[in-house]
Amino acid sequence: MTRTRKTTAEVVDLLRNGKGLPTAAEVDNHAIWFYPRHWLNRWDENMPDVPSILQSGEKDSKGRLTLSRGDLFALGNKVKTAQDAVNFYVAVCSWGAGAKARDIYRRIPTLSEPDVGEKLLDGIMLAQDPNVEAEEAYRSFWTSNQYKLKGLGPAFFTKLLYFTAGPTDSQKMRHLILDKKVAASIGWPDKAWWTPSEYGNYLELINNVVEHLPEAERSDCLEMRLFKP
């Protein structure tokens, strides 16, 4: 069945009739477990130096580490070098992929791309700059003329943008995660490569919806709920 894109009013109704929105604190504390060994088992000489995120922290009895959205906001704010960007990429992908080895393995080929650290850093710097439009930062990873990397699609590079830009004093956020589950909730076509203008439309939709939901502390509270409506 063809999906019909939901209007602002329809998304408002969907969220009002659902199980309630998470608070900003619940969003920040949204944590995922991952296994550093899934990365380390396939790390080779064609990749940058092994990032610190895989070599620090206290593992549980199963050898897992945990990362929360709040951890990633803090980490994204500290990215200044190409190696920082690689560390951030691995952290964000670990949170996004979780404990399944297969999902981590799909993120590893990106790290063998030429100048991967520099490309990640340049795209991240655009997302950090409040004077750069969100669509432009998205386009930098979307187009081969800029910082596009093999294996890094919108479902993951919008996570990089989101965690890099982070929350501000505003209820509305400059960047939000867009993946297939969120897209399905708002009636968007089942595809993986949304255009920069579509990403801009998505941000506009969610930031319009948040105006009608006074209980929403931030627009990523809506994104988190739309992932599991």
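This text follows the structure it describes.
Residues numbered from 1 in each chain as written. Predicted model: local features only at pLDDT ≥ 70, side-chain atom pairs only at ≥ 80, totals over all residues. Heavy atoms only, no water.

Some thoughts on the overall build of the protein
When helices and strands are tallied, the protein shows 12 helices and two strands. Each helix and strand of the protein, ordered N terminal to C terminal, gives the series α-α-β-α-β-α-α-α-α-α-α-α-α-α. For a compact globule of 229 residues, the expected C-alpha radius of gyration is about 17 Å, and the protein comes in at 17 Å, within 12% of that figure. Across its three principal axes, the protein shows a C-alpha extent of roughly 50 × 45 × 40 Å. Among the 229 residues that make up the protein, the fraction classed as buried is 48%. Within the protein, contacts between residues separated by at least 24 positions form 71% of all contacts whose residues are at least 6 apart in sequence. Accessible surface, the protein: about 10900 Å² in total, of which carbon and sulfur atoms supply 47%. (Helix = DSSP H or I, 4+ residues; strand = E, 2+ residues; numbered from the N terminus. Rg over C-alpha atoms; globule rule 2.2 N^0.38 Å. Buried < 20%, exposed > 50% of the residue type's maximum accessible area, 1.4 Å probe, protein only. Contact = heavy atoms within 4.5 Å. Areas by Shrake-Rupley, 256 points an atom, 1.4 Å probe, with all protein chains shown as cover.)

Observations regarding the packing of aromatic side chains
Here a ring pair, both rings aromatic, is described through the centre-centre distance and the interplanar angle of the planes. Here the structure, examined in full by the defined rule, presents 10 aromatic pairs. When the ring of Phe73 is compared with that of Phe163, the centres are 5.4 Å apart and the planes differ by 55°; the resulting orientation is tilted. Of this pair, Phe73 sits in helix 4 (residues 69-77) while Phe163 sits in helix 9 (residues 154-165), and the two are 90 residues apart along the sequence. Like Phe163, Phe73 is buried. Summarising the aromatic geometry, the rings of Tyr199 and Tyr202 are spaced 6.3 Å apart at their centres and angled 35° between planes, so their arrangement reads as tilted. Residue Tyr199 and its partner Tyr202 are located together in helix 11 (residues 196-209), separated by three residues, close to a single helical turn. In terms of burial, Tyr199 and Tyr202 fall into one category: buried. Here a set of aromatic residues connected by ring pairs shows up, and it is made of Tyr138, Phe141, Phe157, Trp188, Trp193, Tyr199 and Tyr202. Seen from the ring of Trp188, Arg5 lies directly overhead, with NZ or CZ sitting 4.4 Å from the centre. (Phe/Tyr/Trp six-rings, centres within 6.5 Å; stacked < 30°, edge-to-face > 60°. Lys NZ or Arg CZ within 6 Å of the ring centre and 35° of its normal.)

Some remarks on the pattern of salt bridges
Taken as a whole, this structure holds 11 salt bridges when the rule is applied. Between Glu136 and Arg139 there is a salt bridge, with its nearest N and O atoms 3.0 Å apart. One end of the pair, Glu136, and the other, Arg139, are both in helix 8 (residues 134-142), three residues apart, so they sit about a helical turn from each other. With a relative accessible area of 29%, Arg139 lands in the partly exposed category. With a shortest N-O distance of 2.4 Å, Lys172 and Glu211 are connected by a salt bridge. In this pair, Lys172 is assigned in the loop between helix 9 and helix 10 (180-185) and Glu211 in the loop between helix 11 and helix 12 (219-227), connecting sequence segments 39 residues apart. Residue classification places Lys172 among the partly exposed positions, given a relative accessible area of 32%. When salt bridges with common partners are traced through the structure, they connect Arg5, Lys191 and Glu198 into a single cluster. (Salt bridge = Lys/Arg side-chain N within 4 Å of Asp/Glu carboxyl O.)

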